[in-house]
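Chain and residue survey
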There are 4 protein chains.
Amino acid sequence: MTLPTPLTGVVPPVCTPLTPDHEVDTASLTRLVDHLVAGGVDALFVLGSSSEAAYLPDRHRRTVLDTVVGHVAGQLPVLAGAIDMTTPRVLDHARTALTAGADAIVATAPFYTRTHPAEITRHFRLLAERCEAPLFAYDLPVSVHSKLDADLVLDLAADGVLAGLKDSSGDEGNFREVILGKRGRAPGFSALTGSELTVDSALAMGADGVVPGLGNVDPDGYVRLYRHCRNGDRAAARAEQERLCALFGMVAVGPQDRMGRSSSGLGAFKAALHLRGVIDCPRTAEPQIPLSAEEAGRVGKYLTAAGLL
Amino acid sequence: MTLPTPLTGVVPPVCTPLTPDHEVDTASLTRLVDHLVAGGVDALFVLGSSSEAAYLPDRHRRTVLDTVVGHVAGQLPVLAGAIDMTTPRVLDHARTALTAGADAIVATAPFYTRTHPAEITRHFRLLAERCEAPLFAYDLPVSVHSKLDADLVLDLAADGVLAGLKDSSGDEGNFREVILGKRGRAPGFSALTGSELTVDSALAMGADGVVPGLGNVDPDGYVRLYRHCRNGDRAAARAEQERLCALFGMVAVGPQDRMGRSSSGLGAFKAALHLRGVIDCPRTAEPQIPLSAEEAGRVGKYLTAAGLL
Amino acid sequence: MTLPTPLTGVVPPVCTPLTPDHEVDTASLTRLVDHLVAGGVDALFVLGSSSEAAYLPDRHRRTVLDTVVGHVAGQLPVLAGAIDMTTPRVLDHARTALTAGADAIVATAPFYTRTHPAEITRHFRLLAERCEAPLFAYDLPVSVHSKLDADLVLDLAADGVLAGLKDSSGDEGNFREVILGKRGRAPGFSALTGSELTVDSALAMGADGVVPGLGNVDPDGYVRLYRHCRNGDRAAARAEQERLCALFGMVAVGPQDRMGRSSSGLGAFKAALHLRGVIDCPRTAEPQIPLSAEEAGRVGKYLTAAGLL
Amino acid sequence: MTLPTPLTGVVPPVCTPLTPDHEVDTASLTRLVDHLVAGGVDALFVLGSSSEAAYLPDRHRRTVLDTVVGHVAGQLPVLAGAIDMTTPRVLDHARTALTAGADAIVATAPFYTRTHPAEITRHFRLLAERCEAPLFAYDLPVSVHSKLDADLVLDLAADGVLAGLKDSSGDEGNFREVILGKRGRAPGFSALTGSELTVDSALAMGADGVVPGLGNVDPDGYVRLYRHCRNGDRAAARAEQERLCALFGMVAVGPQDRMGRSSSGLGAFKAALHLRGVIDCPRTAEPQIPLSAEEAGRVGKYLTAAGLL
C-alpha cells in the first residue's frame with residue numbers, strides 16, 4: 001500500500017515474541033499485532049530495536065515479516081527495519097522485506113565501520129536508488145555511534161532520498177531543526193520521534209508521529225495521547241503522557257550490576273506483554289540476561305499502577 | 001585441520017578484492033592467497049575488518065570462504081570472522097564458515113546493542129558451546145564500542161571457551177596482562193596482536209603472533225619481522241618494523257575532510273595490491289569513498305620507498 | 001538575597017565581554033547586564049559555559065563577579081558558576097563567589113578525573129555541606145563526560161543537598177523524570193533547562209525556568225516566550241520559540257574544518273552583541289579561533305531576519 | 001637548571017601526600033622525594049595526574065612546588081604540571097610554577113571545552129610563546145577527551161614549540177610515529193611514555209624515558225628497568241618489567257561497584273607508600289572514595305609478592 005505523506009500517528013515498533021526454545025512465536029506475534037491494531041495505531045514498524053532485530057537471525061526476520069505482513073493484510077502500512085552494518089548488507093534485508101510485502105524500509109547509518117558524513121550520505125543515496133520503496137532514516141546514536149545532523153537529513157529529504165526520520169537520539173533540539181526545516185523544503189517528509197517520554201512535546205513542536213517501544217505494552221495510551229495532541233487538548237495530553245512516563249519506569253527493573261539496558265528494558269516490555277496475556281513467553285533473545293521472577297513481578301506493579309492489570 | 005595450540009606466527013587478515021561491478025573477484029582473491037602463502041605466512045584470517053566483512057553480503061562471504069578454503073586446500077589453517085551483532089546471528093555465520101571448511105571462528109563482543117560484561121561473557125560461552133571449533137575473541141573497540149578486559153578474556157581462556165584473542169584495541173597494557181596471565185592459566189591460548197606498528201614489541205612481550213592488515217601488501221616483511229623476533233635478533237627486527245611503520249603511512253592518503261579512516265586505509269591497501277599486480281581492481285565496497293588517482297598515486301610512493309615497487 | 005524556591009523564569013548565562021587585549025571589559029559587561037535586566041530576566045547566571053568561565057583566569061572571574069554583583073545591587077539574584085575539576089577546587093571558587101555576594105553556586109560533577117557515581121554524589125554532598133548557599137547541579141555531558149541521572153539528582157534534591165538543576169544535557173527524557181520526580185520529593189527544587197531550542201516544551205513539561213545562552217542576544221524574546229508559556233498561550237509561545245530557533249542558527253557560522261563549536265557558537269553570540277551595540281569588542285578568549293569578518297557578517301543576517309537589527 | 005635535550009630516564013610523577021585533615025603533608029612529601037632520589041631517578045614531575053593535581057587547590061599546588069623545588073635544590077630537574085582547562089588558566093599555573101623554580105612545564109590540550117585541532121595547536125603555540133621554559137605536551141585522552149595526533153605533535157616539535165611529550169594515551173602505534181618522526185625533525189625532543197606496563201617496549205622503540213605512577217612505589221625497579229634497556233639486556237629488562245606488571249595489579253583493589261579508577265589506583269599507590277613507611281597517611285583527596293582496611297591490606301600482598309615489604 002502507499003504510505004501517507006507524511007506518515008502520521010502512532011507507529012509502534014513491534015516486539016518479537018519468542019518461544020522457550022528461541023523460535024519466533026508466531027501465534028503470540030499475531031496476537032500482539034491484533035492488540036496493537038485494536039489499540040488504534042496507524043502503522044506498524046517491525047524489525048527495529050524494540051523488535052530485537054539485532055538478535056534475530058535472517059530466518060527469524062523473514063518469519064516476522066511474513067507473519068505480520070500476512071496478518072495485517074493491508075489494513076495498515078508495515079515499515080520494516082533493515083538493520084545491518086553497511087549498504088550492501090542493508091540492501092539484502094531491504095529486498096527481502098519488500099518481497100515479503102513491507103511498505104517502507106527503515107535503515108540506520110553504517111555502523112561497526114568508522115564512518116564519515118560523506119559516507120553516510122552516500123549510503124542513504126545508494127539505498128534509495130536501489131529500493132523501490134520509501135526510505136526512513138533511523139537515528140540511534142546509542143547503537144550506531146554517529147548522529148544524523150539536521151542538515152544532512154534535510155538535504156536528503158529535499159532530494160527525495162528520505163521519506164522520513166525515526167529520531168531516537170534523544171536530541172530534541174536537533175529534531176526540532178528537522179521539523180522546522182522540512183516545512184519549506186520537504187513537506188511530505190515524516191518526522192517521527194522514538195521517545196516514549198516526550199511525545200506530547202514532540203507533537204507540539206510539529207512532529208508527525210511517534211514510534212514508542214512502550215506502545216507495545218499500552219498502545220491505547222499512546223493513541224489517546226496522540227489524539228489529545230491533535231485536538232489541542234494539552235492538559236489531557238500531558239496527563240496521559242505523565243501516566244506513560246510513570247509506566248516507562250519499568251525499563252529499569254533489571255539491576256545494572258547484573259545486566260545491560262537492553263536486557264532490562266526489552267525484558268520489561270516482554271514481561272508486561274506476558275502479564276497482560278498478549279504473548280505466551282517473556283523470553284528475550286540471547287545473550288541478553290533474563291529478568292528474575294522478582295524483577296518481572298515488579299513490572300506487574302507498574303502495570304497495576306497504570307491501570308493496565 | 002587442527003590448529004596449533006597456541007597458534008603462532010603471521011596470520012594476515014585477507015583483503016577481499018572486488019570487481020568493478022562489486023562482485024568478489026575470485027581470480028584476484030586466489031592470487032592474493034598465493035601471494036600471502038608465498039610470503040611464508042602461518043595461517044589466513046578471512047572475513048575480518050581488513051576483509052571488509054562488514055560490507056560483504058552473505059553470498060559474498062560464502063564466496064570468499066569457498067574460494068580461500070578451496071584454494072588453500074589444507075596447506076594452512078584458515079580462520080573465519082563471523083562478524084555480526086549478537087549470538088544468534090554470529091552463530092549462523094560461524095556454522096556457514098565451518099561447513100565451508102574453516103578451521104576456527106573469530107567473533108567480537110555484541111555490538112549495536114547496549115552490552116554488559118555479563119552479556120559479553122554469556123555471548124562467548126554460548127558461541128563456544130554451539131560451535132565445534134576453536135573460538136577467537138576479536139577485540140576492536142573502535143568498531144564494537146566495548147573493550148574486552150584482560151580478566152574477562154583470561155577467565156574464558158582458562159575455562160576453554162576461548163582458544164585465542166585477536167587484540168586490535170591498541171591497548172598494549174591490557175594485552176600484556178593477557179599475555180602474562182595466560183602463562184599459568186591457559187598456556188595453549190593464542191594471544192595475537194592486530195597492530196601493524198608494534199609487532200616487535202608485542203612479540204618481545206610474549207605475544208604468539210600477529211594479524212596485520214598491512215601484511216596483505218608486504219607479507220614477506222612481516223614474516224621476516226616475526227622470524228627476527230623469534231631468533232632474538234632485535235636489531236634486525238626493529239629495522240624491519242620501522243620499514244613497515246613507514247610503509248603503513250599509506251593509510252592516511254585519503255583526506256579526513258572527504259572520507260573516513262576505513263575508506264582511506266582499506267583503499268590504500270587495495271591500491272597497493274593493485275599497483276603490485278596482485279589484484280585487478282582497487283575498488284572498495286560501498287558506501288566507502290574511493291581514493292582519487294592522485295591519492296592512489298601517493299600509495300605508489302610508499303611502495304617505492306619501501307622497496308616494493 | 002534569598003532565592004525563590006523554586007527559582008523560576010529566564011536566567012541568562014551572562015557572556016563575558018573582553019577587550020582587544022584580553023582583559024574583562026567591565027563597561028561592556030555592565031551594559032550587557034543592563035540589556036538583560038531591561039529585557040525582564042528573572043536572575044543572572046555568571047561564570048557558566050556561555051560566560052567562557054573555562055577560559056577565564058581567577059582574577060577575571062573575580063572581576064566578573066564584582067562587576068555584576070555590584071551593578072545588579074540586589075535587584076535580581078545572581079547565580080555563580082564554580083567551574084573546576086574537583087571538590088576542593090570548586091570550593092575555592094564557590095567561597096570567592098559567595099564572598100563577592102553571589103546568591104547561589106552552580107557546579108558540575110567532577111571532570112578530568114575518572115569519576116564514579118558514588119564520587120559524584122559525595123562531591124555534591126561535600127559542596128553543600130561546606131557552602132552556606134543554595135547549590136545547583138550543572139549537567140553538561142558534552143564538557144564533563146558524565147551524565148547526571150535523574151535518580152541521583154532527585155535523591156540529592158530530596159535530601160536538601162541540591163537547590164536546583166541546570167540541565168544542558170539535551171536529554172529531555174531524563175529531564176522530565178526530574179521534573180516529575182521532584183513534585184512529591186522536593187517541590188522547592190528548581191528544574192532549569194539550558195536548551196535554547198526546546199524552552200516551550202520544557203516549560204510545558206513543568207520546568208521552572210530556562211538558562212539560554214542565546215538569551216544574551218535576545219533576552220526580550222525569551223522573556224516573552226516564558227510569559228506566553230506561563231499564560232498558557234501555546235500558539236504565541238511556539239511562534240516565539242520558532243523565531244528563536246531560527247536565530248540560533250547563528251551558532252554554526254564558523255566552519256567545522258577551521259574551528260570548534262565553542263569558537264563558533266560563543267563567537268556568534270559576541271558578534272551579535274557587538275552588532276547590536278551592547279558590547280564594544282566581539283573577541284573570544286584564547287585559544288578559540290576568531291570568526292572572520294565574513295562569518296561575523298552572516299551573524300548580522302540572522303539578527304536582521306529575527307528583527308533585531 | 002637547563003634540561004637535557006632530550007630529557008631521558010625515569011621521571012616519576014610525584015604523589016602528593018595529604019594529612020588526615022586534607023592539607024599537604026610536606027614532611028611526607030620531602031621523604032617521598034628522598035625515596036625517589038635515592039632510587040636513582042633522573043628528574044621529578046610534580047602536579048600531574050598521579051599527584052592528584054586535579055584535586056589540589058592552588059595553595060596546595062604552590063606548597064607542593066615550593067616543597068619539592070626547595071628540597072631538590074637543583075640536584076635534579078623538576079617538571080611541573082599546569083593542569084587546567086584553557087590557555088589563560090594554564091598560563092597562570094605555568095607562571096606560578098616557573099616563579100617557584102620549576103624547570104619545565106607540562107600541559108594538556110584544552111579540556112571541558114569542545115576543542116578543535118586548530119585550537120589545540122594554537123593553545124600550545126601561545127603557551128610556548130609566553131613561557132620562558134621548555135613545554136611538554138601531556139597526552140591523556142581518558143581525562144582530556146581528545147587525542148594528540150603524531151602529526152600535530154611533530155609539527156609543534158619541529159617548530160620548537162614543544163620540548164617533549166608525555167604520552168599516557170596507551171596508543172603505542174601513535175607514540176611510535178612520534179618516536180620515528182622526531183629523528184629527522186626534532187632530535188632534541190623528548191618522547192616519554194606514561195605507561196607502567198610497556199616501558200621495556202617503549203624504550204626498545206626508541207622512547208627517551210618513562211613517567212610511571214607506580215615509580216612512586218618502586219623507583220628502584222623502574223631505574224633498574226631503564227638501565228637494563230639502555231644496556232641492551234633485554235632478558236633482564238623483561239623480567240624486571242614483568243615483576244612491575246604484577247605489582248601494578250594493586251590499582252584494581254578498589255571494586256568498581258563502589259569507586260572509580262582514580263580512587264582505586266591512587267588509593268593503592270598511597271596505601272603502598274604508607275605501608276612502605278614513606279608517607280604518614282594514605283588519604284586521597286576529595287571526593288575520591290577511600291580504600292577500606294581490607295583493600296589496603298591487599299595492597300600489602302602485592303608489595304610482599306614483589307619483594308618490597
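This write-up is about the structure you can find in this document. Bear in mind that the values here come from a model prediction, so they are computed numbers and not experimental data.

About the cut-offs
- Along each chain, numbering runs from 1 in the same order as the chain's sequence is written.
- Written order decides the labels, with chains lettered from A and ligands numbered from 1.
- For a predicted model such as this one, the threshold for reporting local features is a pLDDT of at least 70, and the threshold for listing and counting side-chain atom pairs is 80 or more; totals across whole chains, interfaces and linings nevertheless cover every residue.
- Hydrogens are left out, water is left out, and the side-chain values use all remaining heavy atoms of the structure.
- Only the six-membered ring of Trp is used, alongside the rings of Phe and Tyr, when aromatic pairs are assigned; centres must lie within 6.5 Å, and planes under 30 degrees apart are stacked while those over 60 apart are edge-to-face, with the rest tilted.
- Numbering of helices and strands runs from the N terminus; a helix is a DSSP stretch of H or I covering at least four residues, while a strand is a stretch of E covering at least two.
- Only protein chains enter the accessibility calculation, which uses a 1.4 Å probe. A residue is then buried if its area is under 20% of the maximum for its type, exposed if over 50%, and partly exposed in between.
- We call two residues in contact whenever any of their non-hydrogen atoms come within 4.5 Å of each other.
- Values labelled buried area give the accessible surface lost by two parts on being combined, using a 1.4 Å probe and summing over both.
- The term salt bridge refers to a pairing of a side-chain nitrogen on Lys or Arg with a carboxyl oxygen on Asp or Glu at a separation within 4 Å.
- Counted as a polar contact is a pair of N or O atoms within 3.5 Å, where, for protein atoms, one must be capable of donating a hydrogen and the other of accepting one, and residues adjacent in sequence contribute only when both atoms are in side chains.
- Amino acids are sorted into nonpolar (Ala, Val, Leu, Ile, Met, Phe, Trp, Tyr, Cys and Pro), charged (Asp, Glu, Lys and Arg) and polar (every other residue, Gly among them).

One pass over the full model with this rule turns up 10 aromatic pairs over all chains. Ring plane angle 45° and centroid distance 4.8 Å describe the contact between Y112 of chain C and F111 of chain D, whose orientation is recorded as tilted. Of this pair, Y112 of chain C sits in the loop between strand 4 (104–108) and helix 4 (117–130) while F111 of chain D sits in the loop between strand 4 (104–107) and helix 4 (117–130), on two different chains. Take Y112 of chain C and F111 of chain D: they sit in the same class, and that class is buried. Ring geometry for F45 of chain D against Y138 of chain D: centres 5.9 Å apart, planes inclined by 75°, an arrangement best described as edge-to-face. Linking F45 of chain D in strand 2 (residues 44–46) with Y138 of chain D in strand 5 (residues 135–139), this pair joins segments that are 93 residues apart in sequence.

Residues that lie three or four places apart on an α-helix share one face, since the helix turns once every 3.6 residues. Residue and element names in this part refer to chain B. Among the residues making up helix 6 (residues 150–158), those that are buried are A150, L152, V153, L154, L156 and A157. Looking at the buried positions of helix 6, the neighbouring elements they touch are helix 4 (117–130), strand 6 (164–167) and helix 7 (172–185). Among the residues trailing helix 6, G160 stands out with phi positive, at a value near 80°.

Before going further, it helps to spend a moment on the interface of chain B and chain D. Where the parts come together, the accessible area they lose is often given as the size of the interface. Each partner contributes residues to the interface: chain B has 20 residues there, and chain D has 20 residues. When the two sides are added together, the surface that chain B and chain D hide from each other amounts to roughly 1,600 Å², 48% of it contributed by carbon and sulfur. Considering only the side of chain B, the residues that lose the most area to chain D are R176, R234 and R238 of chain B, jointly responsible for 32% of the buried surface there. Joining chain B to chain D, the criterion identifies four salt bridges. Across the salt bridge formed by D200 of chain B and R176 of chain D, the nearest N and O atoms sit 2.7 Å from each other. Seen at the junction of chain B and chain D, the total is eight residue pairs in polar contact (both at pLDDT 80 or more). Looking at which element gives the most residues to the side of chain B that touches chain D, the answer is helix 7 of chain B, with six residues. Partitioning the side of chain B that touches chain D into residue classes produces five nonpolar, six polar and nine charged.

By themselves, these figures tell us nothing about what the structure is for.
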